[in-house]
Amino acid sequence: MVLSMDRWVGKVAIVTGASSGIGAAVADALVEKGLIVLGVARRSECIEERAKQLSDKKGKLHAIKADLTKEEDILTVFKWAKENLGPVHILINNAGIVAYTNLTEGKTEDWKTVFDLNVLGLSIATREAVKIMKENKINGHIVHVNSILGHQVHNYPGLSVYPASKFAVTALTETLRQEFNHQGLKIKITSVSPGLVETEGTTLNPSLTPERKVFMQKLPILKGEDIANGIVYALSTPEHVQIHELTIRPL
Amino acid sequence: MVISMDRWKGKVAIVTGASAGIGAAIVEQLAEAGLQVAGFARRSERVEELAKKLSGKKGKVHAVKVDISKEDDILKGFKWVTDNLGPVSILVNSAGVLQNTNLTDGDTEKWKKVFDINVLGLCIATREAVKIMKANKIDGHIVHINSVAGHKVPHFEKANVYPASKYAVTALTETLRQELNHLGLKIKITSVSPGAVTTELMEADNWTKDDPKVKEIMSKVPYLKAEDIADSVLYVLATPPHVQVHELTVKPVGESV
């Protein structure tokens, strides 16, 4: 096997939405592999807690407080990383939300938040990461945490604009890949699309309605670490191999 | 990491199209992982050579002469495996062809060959594997080697029915997943879709010999190695029992199609 995380050891990775769920699992996995990881979240104290527990690992976990629906916050994150840790090599666009509402009666604010985070925040963070990678001639890797709902609208009621936001991520993945090609950049982009994962966005969401809770408990489910493993696999491929899409479902 | 090939050690895997390219690379990595591998191919002597080369490995490779376009051959192949190695746990449908023709002026026999191997042969082998897994209560894993052409029609004037055959594989992946769910079976199905890989796919129908223009196009594109796809298949197989990698699309960096 030619898979290896060796070339990323000691390098800087930024993981958004690192306070819980998939983001936390990925951040922790990368620290174990020896990377310098900057975990970004509004609840940065959650990341700081885990950083203490991971203090004996090969890598290191740093926390920074940011609201990824605000461009100024995203710019601050990248500036801080550049000045304190070094140029970013890996960006994991994991921060995302589901607004359990609908299209026919929903509030604009709820819809706006979903697009601001899942699409715009992802695009801004990506642009900033690529800027740094270009300046430093880094053949980096960007991972968009997408969803199976970014490829097909399954019959789950009350998801409103979430599938649309993830369809956008699917399109952004290929658009970005083509841009990299046109510019002759050897940066990689991967879309990882999970099915149902146990996170605070789903089964661990404290504000789930009883009906939704019952509905979800009947379904097969993945853990954050299953997605983290998929992401580490994608990152460990040789420089000429681009994992374009990795769709992971619970059996 | 909970990624491990351990639970497949000593188990039986069937790989079609094992004589060259992606199939051969997969056979090699499965043997290294300690499996009993039956390589199906028309050129079984190539698989025998591979078996000799891998004789020191933890697993073992057996060559089985099978023409995937013939149902009889497939049934005989599966029977041989069951009788001599045991019930199959992993099936990798890697046999596939691309024929030098087109749609507007094309050769029916060539079209038929592509569908017989890429679609029907894959379905027959899959059915036989599932039959055995059901009978032996094996939570097995089936991998379809698909293509990027199974998701988007590439810009290539001689693609003819190849993308259509691979679109069929994409649909068959999800159809099978739903069927397995309905039957309450814990068998996994994965589609691995590579971009251009250095294999014998093009040589097999004399593309570059007949058409210098094609040769020129093919020499300008970036390629993956067969072992890159074998790595992907091993990752997929090594996931825990509750995790199903549904689709894994692997491109060479800089792919333009």
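Higher on the page you've got the structure.
Everything in this summary refers to the structure shown in the same document. (Residues numbered from 1 in each chain as written. Chains lettered and ligands numbered in written order. Predicted model: local features only at pLDDT ≥ 70, side-chain atom pairs only at ≥ 80, totals over all residues. Heavy atoms only, no water.)

1. Notes on the overall build of chain A
Scanning chain A from terminus to terminus reveals seven helices and seven strands. Seen in sequence order, chain A has helices and strands lined up from the N terminus as β-α-β-α-β-α-β-α-β-α-β-α-α-β. Against the 2.2 N^0.38 benchmark of 18 Å for 251 residues, chain A shows a C-alpha radius of gyration of 17 Å, consistent with a compact globule. Seen along its three principal axes, the alpha-carbon backbone of chain A occupies a region of about 50 × 45 × 40 Å. Burial statistics for chain A: of 251 residues in total, 55% are counted as buried. Once local pairs closer than 6 in sequence are excluded, the contacts in chain A between residues at least 24 apart make up 73%. Carbon and sulfur atoms provide 54% of the accessible area of chain A, an area that totals close to 11000 Å². The distance from the centre of the 29 positive side-chain charges to the centre of the 27 negative ones in chain A is 3 Å. (Helix = DSSP H or I, 4+ residues; strand = E, 2+ residues; numbered from the N terminus. Rg over C-alpha atoms; globule rule 2.2 N^0.38 Å. Buried < 20%, exposed > 50% of the residue type's maximum accessible area, 1.4 Å probe, protein only. Contact = heavy atoms within 4.5 Å. Areas by Shrake-Rupley, 256 points an atom, 1.4 Å probe, with all protein chains shown as cover. Lys, Arg positive; Asp, Glu negative; His and termini not counted. Charge placed at Lys NZ, Arg CZ, Asp CG, Glu CD.)

2. Remarks on the environment of B:V250
Tracing the sequence through the fold places B:V250 in strand β7 (residues 243-252). A C-alpha to C-alpha distance of 26 Å links B:V250 and B:K213, two positions 37 residues apart in sequence.

3. Here we look at the packing of helix α3 (residues 71-84) of chain B against helix α4 (residues 108-135) of chain B
All names here are of chain B. Contact geometry of α3 with α4 gives a least axis separation of 10 Å together with a crossing angle of 30 degrees. Comparing their axes, α4 and α3 come out roughly parallel. The interaxial crossing formed by α3 with α4 has right-handed handedness. Listed contacts from α4 to E71, I74, L75, F78 and T82 of α3 are G121, I124, A125, R127, E128, A129 and I132. Residue classes in the contact of α3 with α4 are distributed as seven nonpolar, two polar and three charged. (Axes fitted to C-alpha atoms, helices over the stretch in contact; angles between N-to-C directions. Parallel < 35°, antiparallel > 145°, perpendicular 65-115°, else oblique. Left-handed = near helix turned anticlockwise from the far one by under 90°. Nonpolar A, V, L, I, M, F, W, Y, C, P; charged D, E, K, R; others polar.)

4. Let's talk about unusual backbone geometry
Residue and element names in this part refer to chain B. A positive phi is found at K137, a non-glycine position, where the angle reads about 50 degrees. Among the structural elements, K137 can be located in the loop between α4 and β5 (141-145). A residue is classified by how much of its surface remains accessible, and K137, at 76% relative accessible area, is exposed. The phi dihedral of N160 falls on the positive side, at around 35 degrees, and the residue is not glycine. Tracing the sequence through the fold places N160 in the loop between β5 and α5 (162-182). The class of N160 is buried, set by a relative accessible area of 11%.

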